[in-house]
Amino acid sequence: MSRPISTIRRRTILKAAAAAGVAQVAAPFVWSARAADTVKIGLDNPLTGTYAALGKNELIGAQLALDQINAKGGILDRKVELLVEDSTSADTATAVQKANKLIERDQVNFLIGNINSGLAQAIANVAFEKGVFHIVPGGHTDTVTGSQCHWNVFRVCNTTRMETNSVSKLLLDKYGKKWYFITTDYAFGHSLQEGFEASLKVAGGTEVGADAVPLQSTDFSAYLIKAQSTNPDAIILLLAGDDMINCLKQAVQFGLDKKFHIAGAQQELEVNLGLPPEALFGDWVFEWYWKQPGVPHVEEFVAEIRKRSGGHVPTARTWFGFASIWTCKLAADKAKSLEAVKLAKAMQGLVLPPEVALMPNNPFYREGDNQLMPTLFVGHSQPAPKGGDPEDLFAVTQEVKGVDAALSVGDTGCKMVWPS
Amino acid sequence: MEPKDAAPCCVPFALRVCSMSTLLLFNVFNGLIIGAFYAMMALGLSLILNLSGVINFAHGGFLAIGGYLAYTLVPFLGFWGALIVAPFLTAIVGVAIERVLIRPLYGRDPLYSLLLTFGLAFLIEDGTRFIWGAQSLPYRIPEALNSPLSTEFFFLTGYRVFMVALVALVVLGLFLILTRTRLGLRIRAGTLDLETVSVLGVNVRVLRNLNFGLGIYLAGLAGVLAVGMLGLTPTIGDSLIMPSFITIIVGGLGSLPGTLLGGLLIGVASGLTSVFYPSASEAVIYVIMAAVLIVRPRGLLGEEGRF
């Protein structure tokens, strides 16, 4: 009998390591039964990996919208069906493959995705090639409705420039003009940093340093050491998901929150829920918040989502999923058709009704770049108030209209070319 | 937060730290801290690989289990109680899995167990997501550990120093177990010649089972320590498994001291690279692995002729 150890070779270990890389991108297929006479909406979004929690919340919102639409007769009197695929969190090839599958095999009428900016842009390009109506629910990079905009691609979440513009004045006035950036190293982070750099330039500020951090990093100590060494007025974190959690936790342990202002642009309730109370600080932008006293239909929406998510409140992601599905219905009703060109034409300037908008200032899809102009919620993270809701982890101090934060259509770089 | 001028020490400090040599020194120390963590995880992998020939792809999953069990136990046992109990419970899960799933594959081509643990990693990830949810969970560490020990050396936090001390203690304990106990002697002997050990009357099945449990205990402990610094999600082990594999390749397959050295080396290399070119801070560990494989294929302290 041979010893097992003797059969393990270095090459086997190397193969194993290579397989570990593959494991990061492998993902299960998710599918549901289909009927021929239904309207099909394909959702190509992360269900595994670093954005799984965000993807799950978008799915919960989407399913609520689906149920509401079907309860009201569906789209053009046809039942609506949601086909869900796991795009993974960061593998473009898988996300594109799933988009192709939804378009070609499942013949979806509408395509929705993605959370990851890079994946969202890649799916948008596929949808453009195939001429399928596409909504990006939560991928923020500017190009989606900017330099790589397409007539058939619409976006619910904000552009990164809208986010930075909405909060930059507050940060400059409150903290000072010497900033150090710690930025996630892909499209989302890059375009956020570009936005802040533009604001900093206009204000005559200084970028004292910047680090591009690989996605899904665990150790931020080296970057924090560098940031501290430049003595900035503010350390600006342009991260997302688990990366933001890891960085904030480590910054607190280093005591940097007591020496420097730490803030950023986009922050999410999913991140705040994963942080211990001492790491809940800083000024940020939320794209939707569940506490909006006096805004019609918000309380009903929160109550309905609580029923579906084990008592948890909806997040911006939940609303993105909800608004995306409802957008399909609104576009089809207005166009009286499922034809992509007619749908896209109907979307120009389309205003979300209050029961879908769930925010003030009548959000609408802007003609020329297909970008939703919602309200942005500027404020600061906070530990849950004593005796209050344990998920009330953000205090809104300012509501900024999307149109006031967005670049003009001309400045976005979007040159929309419609099919002849 | 306090106004910035409430921390006057940071200005002169920044002037001093601005010098590149100080920055490098800080990152060397910091890299050693992170490297110690990689080493502990890799030691568990190495133990299992050396005796049983199993490349445990699910090691990151066991790390996640350790973290989640600690999170669940904290309300009942507190941080310290969870730190002690959760790794043992993780080890028990590991022992059970070894008994039911891995044992039948001993003696077959190692690819069988590799594929099994590959699938097991997915099962554990989805299992933890099913039980605890996809949402990252907040994990608090004691206030005493949650701050730097000095203003100047701010990266030496109570938690990091505690972590390094605990890793050192665990490594010392592991070496004592391997060199001073009957179990350890049998594990070492089995690593060299399992057949002879079996002929001498040692129950090899039990030996492998206990050894697997010991390796998983280290993964569980790494998990409990990791959640003090990282977000607790089902994928928490994903980013840590690759550095662990590379640690044992660089250090030398079959060498526990090599594993320790490999962990420290890639930790420091990654930290130093962050100073000059952050985007390459992960890639650099693969470059080191490639360099070691070309120049010294058996790893830094691997035994000659063994691989």
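Residues numbered from 1 in each chain as written. Chains lettered and ligands numbered in written order. Predicted model: local features only at pLDDT ≥ 70, side-chain atom pairs only at ≥ 80, totals over all residues.

A. Summary view of the overall build of chain B. Across its full length, chain B carries ten helices and zero strands. Listed N to C, the secondary structure of chain B is α-α-α-α-α-α-α-α-α-α in terms of helices and strands. Relative to its length of 307 residues, chain B is compact, with a C-alpha radius of gyration of 20 Å against a globular reference of 19 Å. The dimensions of chain B, computed from C-alpha atoms along their principal axes, are 70 × 50 × 35 Å. (Helix = DSSP H or I, 4+ residues; strand = E, 2+ residues; numbered from the N terminus. Rg over C-alpha atoms; globule rule 2.2 N^0.38 Å.)

B. Summary view of the overall build of chain A. The secondary structure content of chain A amounts to 16 helices and 14 strands. In terms of overall size, chain A behaves like a compact globule, its C-alpha atoms giving a radius of gyration of 22 Å where 420 residues would be expected to give roughly 22 Å. Each principal axis of the C-alpha distribution contributes one length, and for chain A these read about 75 × 60 × 50 Å. For chain A, buried positions account for 60% of its 420 residues. A separation of at least 24 residues holds for 71% of the contacts in chain A among residues at least 6 apart in sequence. (Buried ≥ 20, exposed ≤ 12 C-beta atoms within 10 Å, placed from the backbone. Contact = placed C-beta atoms within 7 Å.)

C. Representation of the sheet that holds strand β8 (residues 234–238) of chain A within the structure. Residue and element names in this part refer to chain A. Here we have four strands laid out as an open sheet, ordered β7-β6-β8-β9, and parallel in their pairing. At either end of the open sheet lies a strand with only one pairing partner, and these are β7 (206–213) and β9 (261–264). Direction aside, the axes of adjacent strands within the sheet are offset by 20° on average. Taken together, the seven bridges between strand β6 (residues 178–184) and β7 define a ladder with parallel strand orientation. In the strand pairing of β7, Lys 178 is matched with Thr 206. Contacts between helix α8 (residues 221–229) and the sheet are confined to β6, β7 and β8, with β7 contributing the most and set at about 175° to the helix. (Pairing = 2+ DSSP bridges. Axes fitted to C-alpha atoms, helices over the stretch in contact; angles between N-to-C directions.)

D. Looking closely at the pairing of strand β10 (residues 283–286) of chain A. Residue and element names in this part refer to chain A. The alternating pattern of β10 places Asp 283 and Val 285 on one face and Trp 284 and Phe 286 on the opposite face, and all of these are buried. By the bridge criterion, four bridges tie β10 to strand β13 (residues 375–381) in an arrangement that is antiparallel. Counterpart to Asp 283 in the pairing with β13 is His 380.

E. Main features of the sheet that holds β13(A). Residue and element names in this part refer to chain A. Overall, antiparallel pairing links the three strands, which are arranged β10-β13-β14 in an open sheet. The open sheet has two free edges, formed respectively by β10 and β14 (394–401), since each of these has just one partner strand. Neighbour-to-neighbour, the strand axes of this sheet turn through a mean angle of 30°, independent of strand direction. Sitting on the sheet, helix α6 (residues 160–175) touches β10, β13 and β14, and the angle it makes with β10 is about 150°.

F. Representation of the environment of B:Ala168 in the model. The residue B:Ala168 is located in helix α5 (residues 158–180) in this model. Sequence separation between B:Ala168 and B:Met40 is 128 residues, and the spatial gap between their C-alpha atoms is 9.0 Å.

G. Broad picture of the nonpolar core. Counting 135 residues, the largest nonpolar core has A:Leu111, A:Ile182, A:Ile235 and A:Ile236 as the members making the most contacts within it. Ranked by residues supplied to this core, first place goes to helix α12 (residues 316–335) of chain A with twelve residues. Mapped onto the domain boundaries, this core takes at least three residues apiece from domain 1 (39–158 + 293–373) and domain 2 (161–266) of chain A. Core analysis: the second largest hydrophobic core is formed by 83 residues, B:Ala36, B:Ala82, B:Met163 and B:Tyr217 among them. (Core = buried A, V, L, I, M, F, W, Y, C linked by C-beta atoms within 7 Å. Domains from an automatic or database assignment.)

H. Here's a closer look at helix α4 (residues 110–132) of chain B. A rise of 1.5 Å per residue sets the reference length of α4(B), with its 23 residues, at 33 Å; its end C-alpha atoms lie 32 Å apart and thus fit the reference within 8%. Just downstream of α4(B), B:Gly133 is the residue with a positive phi angle, here 90°. (Expected span 1.5 Å × (residues − 1).)

I. How the structure looks around α12(A). If you check α12(A), its first and last C-alpha atoms are 28 Å apart, about what 20 residues at 1.5 Å a residue would give, namely 28 Å. With 18 of 20 residues buried, α12(A) lies mostly within the body of the structure.

J. Examining the pairing of β6(A) more closely. When you tally the buried positions in β6(A), you get six out of seven residues, the bulk of the element. One crossover worth recording links β6(A) to the parallel β7(A) by way of helix α7 (residues 187–202) of chain A, and it is right-handed. (Right-handed = clockwise from strand over helix to strand, strands pointing away.)

K. Geometry of the domain arrangement of chain A. Residues and elements named next belong to chain A. For chain A, the domain assignment lists domain 1 (39–158 + 293–373) and domain 2 (161–266). With centres defined by C-alpha atoms, the gap from domain 1 to domain 2 works out at 29 Å. Each side of the interface is counted separately: domain 1 has eleven residues, and domain 2 has twelve residues. The element that contributes the greatest number of residues to the side of domain 1 that touches domain 2 is helix α5 (residues 117–130), accounting for three residues. Per-class residue counts for the side of domain 1 that touches domain 2 are three nonpolar, seven polar and one charged. (Nonpolar A, V, L, I, M, F, W, Y, C, P; charged D, E, K, R; others polar.)

L. Here's a closer look at the packing of helix α3 (residues 59–102) of chain B against helix α7 (residues 204–226) of chain B. All names here are of chain B. Contact geometry for α3 and α7: axes closest at 7 Å, N-to-C directions at 140°. Put simply, α3 runs oblique to α7. Considering how the two elements wind past one another, α3 and α7 form a crossing that is right-handed. (Parallel < 35°, antiparallel > 145°, perpendicular 65-115°, else oblique. Left-handed = near helix turned anticlockwise from the far one by under 90°.)

M. Here's a closer look at unusual backbone geometry. Residues and elements named next belong to chain A. Phi is positive for His 297, close to 70°, though the residue is something other than glycine. Assignment of secondary structure puts His 297 in the loop between β10 and α11 (298–308). Phi is positive for Leu 358, close to 50°, though the residue is something other than glycine. Structurally, the position occupied by Leu 358 is in the loop between α14 (354–357) and β11 (364–365). Judged by the 25 C-beta atoms lying within 10 Å of it, Leu 358 is buried.

N. Spotlight on the confidence of the model for chain B. Residue and element names in this part refer to chain B. For chain B, the mean per-residue pLDDT works out to 87, and 93% of the residues sit at or above 70. Of all the helices and strands in chain B, helix α1 (residues 10–17) carries the lowest mean pLDDT, 45, while α3 carries the highest, 96. A low-confidence stretch, residues 1–17 (pLDDT under 50), is modelled with 22 contacts involving residues beyond four sequence positions or located in other chains. Among the scores for the predicted complex, ipTM is 0.77 and pTM is 0.83. (pLDDT = per-residue confidence, 0-100.)

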